[in-house]
Amino acid sequence: MTVTLHVCITCRAGQTLGEDETTPGKRLHGAILEAGVPEGVSVVPVECLSACSQGCSVALSAPGRWSYVYGRLSDANARDVVAGAAAYAAAPDGLVPWRSRPEIFRKQSLARIPPIAVLPEAAE
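Residues numbered from 1 in each chain as written. Predicted model: local features only at pLDDT ≥ 70, side-chain atom pairs only at ≥ 80, totals over all residues. Heavy atoms only, no water.

An unreviewed UniProt entry lists the protein chain under the name DUF1636 domain-containing protein, with Bradyrhizobium zhengyangense as the source organism.

Printed below as a string of structure tokens:
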């Protein structure tokens, strides 16, 4: 099962940018790709994670697992994001033990979202 690492590429991290400047979110996305994507993880750029006041943000999700949103990130955090994504991919339920998480994933979590319950189809 593939884990998805969503990276907000429109994030400006509170900066005023010129027309031709690369957003901090795009720089984070590029740095994550350069750091090497772990097996079983798909990196998907997204337009917005609605964490605009929290700097650059990423989200980890997979079917049947808890999902997480992390913020206050920059391209300097790319290796830690990749390490956190690898730990998440290795956790069958998405719950990585606190001490096994990179420090940024311990301190910069914005949201933890429970897995979506699969409901039986209604009888016709």
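Summing up its helical and strand segments, the protein chain has three helices and five strands in all. Along the chain direction, N to C, the helices and strands of the protein chain fall in the order β-α-β-β-β-α-α-β. In summary, the protein chain has a C-alpha radius of gyration of 15 Å against a globular reference of 14 Å for 124 residues, a match within 12%. Counting over 124 residues, the protein chain shows a buried share of 40%. Split by element, the accessible area of the protein chain, about 7,400 Å² in all, is 52% carbon and sulfur. (Helix = DSSP H or I, 4+ residues; strand = E, 2+ residues; numbered from the N terminus. Rg over C-alpha atoms; globule rule 2.2 N^0.38 Å. Buried < 20%, exposed > 50% of the residue type's maximum accessible area, 1.4 Å probe, protein only. Areas by Shrake-Rupley, 256 points an atom, 1.4 Å probe, with all protein chains shown as cover.)

Our next topic: the sheet that holds strand β1 (residues 3-8). Paired through their backbone hydrogen bonds, the strands of a sheet run either parallel or antiparallel. Strand order across the open sheet formed by five strands is β2-β1-β3-β4-β5, with mixed pairing between neighbours. If you trace the sheet from one side to the other, it starts and ends with β2 (41-46) and β5 (109-113), each paired once. Between one strand axis and the next, the sheet turns through 15° on average, direction left out of account. In the sheet, β1 pairs with β2 via six bridges, with the strands oriented parallel. Looking at the pairing, V7 lines up with P45 of β2. In the packing of helix α1 (residues 24-35) onto the sheet, contacts are made with β1, β2, β3 (56-61) and β4 (67-73), and the angle to β1 comes to roughly 145°. (Pairing = 2+ DSSP bridges. Axes fitted to C-alpha atoms, helices over the stretch in contact; angles between N-to-C directions. Contact = heavy atoms within 4.5 Å.)

Below, the discussion takes up the pattern of salt bridges. Scanning the entire structure with this criterion turns up one salt bridge. For E103, the salt bridge identified is with K107, shortest N-O distance 2.9 Å. Remark: K107 and E103 occur in helix α3 (residues 103-107); sequence separation between them is four residues, near one turn of the helix. Its relative accessible area of 57% is what places K107 among the exposed residues. (Salt bridge = Lys/Arg side-chain N within 4 Å of Asp/Glu carboxyl O.)

Here the focus is the packing of aromatic side chains. Inspection of every chain in the model, using the stated rule, returns three aromatic pairs. For the ring pair Y68 and Y70, a centre distance of 5.9 Å and an interplane angle of 10° mean the geometry is stacked. Like Y68, the residue Y70 is buried in the burial classification. Judged by centre distance (3.7 Å) and plane angle (5°), the ring pair of Y70 and F105 falls under stacked. On the criterion of sequence distance, the pair formed by Y70 in strand β4 and F105 in helix α3 is long-range, its members being 35 residues apart. Exposure class is identical for Y70 and F105. Each is buried. Cluster of aromatic residues (ring-pair linked, three or more members): Y68, Y70, Y88 and F105. The cationic tip of R106 hangs over the ring face of W98; the distance from NZ or CZ to the ring centre is 4.8 Å. Lying across the ring of W66, R112 places its NZ or CZ 3.9 Å from the centre. (Phe/Tyr/Trp six-rings, centres within 6.5 Å; stacked < 30°, edge-to-face > 60°. Lys NZ or Arg CZ within 6 Å of the ring centre and 35° of its normal.)

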